[in-house]
Amino acid sequence: MMEPEDVEPGDAVHPGHPVTVNRYRKIARINHWITATCLILLAISGLALFHPSLFFMTGLFGGGQNTRAIHPWIGVVLFFSFAGLFFQFWRANMPTRTDAVWLSRAGDLLAGHEERMPEVGKYNAGQKFIFWSMTVLILALIASGLLIWDQYFTYLTTIPQNRVLVLIHSLAAVVIICVWIIHVYAAFWVRGTLRAMVQGSVTGGWAWRHHRRWLRELVTGHKVSP
């Protein structure tokens, strides 16, 4: 018997009216909200330092000097917080053949014909894209951010190298803000998704509609072939 690949620790089905399905453990939810808070604070403080027209936002952190001092430390917290999410979720986010089919039918999803989509595991191709994009971008941000951290590490680079690193850091920041907006929009667009990260559970109907293969694996206890 093949072990289910999409089932994570804590996932479980509870019979009742309605049926409920555990999707995220409490530690994962706390971890997620710490990461989300860090991303918001980094976006605000980073944008405040990025352009003079946005400098007024440094007032939220006690002024420009405080913002410059706090911003990189929030980045360090983000890195370790997201690392916690990564090690919990990477296995269920590995690409599968079904993801290619899901992407090829994305137009049907946007048109409201979800019944034409293939059965997916715990995460669909769109969610996996968000996960791996966040992984790559956060690595780029922490690596470039450390090397341009004036107080500690700028002696490791030349001025031309520092300028390139600032550009990489800025571009990665803009892209991750866009990815984060897509992530938040999708959470509200698919009704019931936000409940999973707030309460930790979803209804059986939600699981059947959006992540049917994951639900099958939970019920049967073994891997369900795509």
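Here the structure is shown first, and the text comes after it.
A quick note: this is a predicted structure, and the numbers were derived from the prediction, not measured.

Q: Would you take a moment to explain the packing of helix α1 (residues 26–50) against helix α2 (residues 64–89) for this structure?
A: Relative placement of two packed helices is described by the angle separating their axes and the distance separating the axes. Relative to each other, α1 and α2 sit at 150 degrees, their axes nearing to 8 Å. Considered as vectors, α1 and α2 are oriented roughly antiparallel to each other. Where α1 crosses over α2, the two elements pack in a sense that is left-handed. Partitioned by chemical class, the residues of the contact of α1 with α2 number 14 nonpolar, 12 polar and one charged.

Q: Explain the nonpolar core to me, please; I cannot follow it from the model alone.
A: For soluble globular proteins, the rule of thumb is that nonpolar side chains tend to be buried together. In terms of nonpolar packing, the biggest core is built from 31 residues, with Val 21, Phe 89, Met 134, Ile 176, Val 202 and Ala 207 touching the most fellow members. When contributions to this core are tallied by element, the ones reaching two or more residues are α1, α2, α5 (125–147), α6 (159–189), α7 (193–198), α8 (204–210) and α9 (212–220). When sequence neighbours within four positions are dropped, the list of residues in contact with Met 134 reads Leu 39, Phe 82, Ile 176, Val 179 and Trp 180. Counting residues in hydrophobic clusters, the runner-up holds five residues, among them Trp 102, Leu 109, Met 117 and Ala 125.

Q: Whenever I open this one, the sheet that holds strand β3 (residues 201–203) confuses me. Can you help?
A: Within a sheet, neighbouring strands are paired by backbone hydrogen bonds and run either parallel or antiparallel to one another. Spatially, three strands are ordered β1-β2-β3 in an open sheet, and the strand pairing comes out antiparallel. Strand pairing shows two members of the sheet lacking a second neighbour, β1 (12–14) and β3, which therefore form its edges. The mean angle between the axes of side-by-side strands here comes to 25 degrees, regardless of whether they run parallel or antiparallel.

Q: Would you take a moment to explain helix α3 (residues 97–104) for this structure?
A: Along an α-helix, residues three or four positions apart point the same way, because every turn accommodates 3.6 residues. Turning to α3, its buried residues number three or more, namely Thr 98, Asp 99 and Trp 102. For α3, the angular spread of the buried residues around the axis is 100 degrees, confining them to a single face. Turned more than 90 degrees away from the buried face of α3, the exposed residues are Arg 97, Ala 100, Leu 103 and Ser 104. Turning to α3, the residues buried within the fold contact α4 (106–110), α5 and α9.

Q: So what exactly am I meant to see when it comes to the packing of α2 against α5 here?
A: Contact pair α2 / α5: the axes reach a minimum separation of 11 Å and the direction vectors enclose 150 degrees. The two elements α2 and α5 meet at a crossing, and its hand is left-handed. Contacts between α2 and α5 pair Gly 75, Val 76, Leu 78, Phe 79, Phe 82, Leu 85, Phe 86 and Phe 89 from the former with Phe 131, Trp 132, Met 134, Thr 135, Ile 138, Leu 139 and Ile 142 from the latter. Tallied by class, residues from the contact of α2 with α5 come to 13 nonpolar, two polar and no charged.

Q: Hey, could you run me through the side chain of Arg 23 in this one?
A: Here Arg 23 is to be found in the loop between β2 (20–22) and α1. Each residue touching Arg 23, except ones within four places of it in the same chain, is listed here: Asp 11, Lys 122, Tyr 123, Gln 127, Ala 196, Gly 200, Ser 201, Val 202, Trp 206, His 211 and Trp 214.

Q: How do you make sense of the pattern of salt bridges when you look at a structure like this?
A: Pairing between side chains becomes possible if they bear opposite charge and their charged atoms approach one another. Taken as a whole, this structure holds seven salt bridges when the rule is applied. A salt bridge links Glu 8 to Lys 122, with the shortest nitrogen-to-oxygen separation between them at 2.6 Å. Here Glu 8 is found in the segment before β1, whereas its partner Lys 122 is found in the loop between α4 and α5, with 114 residues between them in sequence. Here Glu 114 ties to Arg 209 by a salt bridge, and the two come within 3.3 Å at their closest N and O atoms. With Glu 114 in the loop between α4 and α5 and Arg 209 in helix α8, this residue pair connects regions lying 95 residues apart in the sequence. Note on Arg 209: relative accessible area 55%, which makes it exposed. The structure contains a network of salt bridges with shared partners spanning Glu 8, Asp 11 and Lys 122.

Cut-offs used in this document
Residues numbered from 1 in each chain as written. Predicted model: local features only at pLDDT ≥ 70, side-chain atom pairs only at ≥ 80, totals over all residues. Heavy atoms only, no water. Axes fitted to C-alpha atoms, helices over the stretch in contact; angles between N-to-C directions. Helix = DSSP H or I, 4+ residues; strand = E, 2+ residues; numbered from the N terminus. Parallel < 35°, antiparallel > 145°, perpendicular 65-115°, else oblique. Left-handed = near helix turned anticlockwise from the far one by under 90°. Nonpolar A, V, L, I, M, F, W, Y, C, P; charged D, E, K, R; others polar. Core = buried A, V, L, I, M, F, W, Y, C linked by side-chain atoms within 4.5 Å. Buried < 20%, exposed > 50% of the residue type's maximum accessible area, 1.4 Å probe, protein only. Contact = heavy atoms within 4.5 Å. Pairing = 2+ DSSP bridges. Arc of directions from axis to C-beta. Salt bridge = Lys/Arg side-chain N within 4 Å of Asp/Glu carboxyl O.

So far we have only geometry, and geometry alone does not tell us how the molecule works.
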